[in-house]
Amino acid sequence: MHKTMSEPRVAEDGVTFTVEVGFADRECLVSKNALAHLRRMKGGQQDYMEIYRAFEDQIHSVARRLVVAGVSGTPLVLGAAYFV
């Protein structure tokens, strides 16, 4: 059986997305503060979704590490401190 992952979307607090770790999907949110921090690192005036896409691999890597480490929360919130 093939399942589809939900597309990332801009929410009030940041960008929501789903990561798969093992056989489980985990809802995540990269906060607006984290996205603003990443935007400053890159420079420019990209919107939140453009920044998410530019750093998608790094964001997903951080999210997976947090899931494996047992960090709780629904959604799992990735703040700026995870990208310093």
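Above this text sits the structure in question.
Residues numbered from 1 in each chain as written. Predicted model: local features only at pLDDT ≥ 70, side-chain atom pairs only at ≥ 80, totals over all residues. Heavy atoms only, no water.

**Some words on the pairing of strand β3 (residues 24-31)**
Sheet topology places strand β2 (residues 14-21) next to β3; eight bridges connect them, and they run antiparallel. Note on β3: the bridge partner recorded for Thr18 is Glu27. The antiparallel hairpin formed by β2 and β3 contains two residues in its connecting segment, where Gly22 sits at a positive phi of about 65 degrees. With three bridges joining them, β3 and strand β4 (residues 76-78) adopt parallel strand pairing. Note on β4: the bridge partner recorded for Val30 is Leu78. (Pairing = 2+ DSSP bridges. Helix = DSSP H or I, 4+ residues; strand = E, 2+ residues; numbered from the N terminus.)

**Examining the environment of Ala54**
Relative to the helices and strands, Ala54 resides in helix α2 (residues 48-54). You can call Ala54 partly exposed: its relative accessible area is 45%. Sequence separation of Ala54 and Arg39 is 15 residues, and the distance between their C-alpha atoms is 9.3 Å. (Buried < 20%, exposed > 50% of the residue type's maximum accessible area, 1.4 Å probe, protein only.)

**Side note on the pairing of β2**
Most of β2 sits inside the fold, with six of its eight residues counted as buried. Pairing analysis gives three bridges linking strand β1 (residues 9-11) to β2, with the strands arranged antiparallel. Pairing of Ala11 across the sheet is with Gly14, part of β2. Adjacent in sequence and paired antiparallel, β1 and β2 are bridged by two residues.

Remember that the coordinates give geometry; whether it matters functionally is a separate question.
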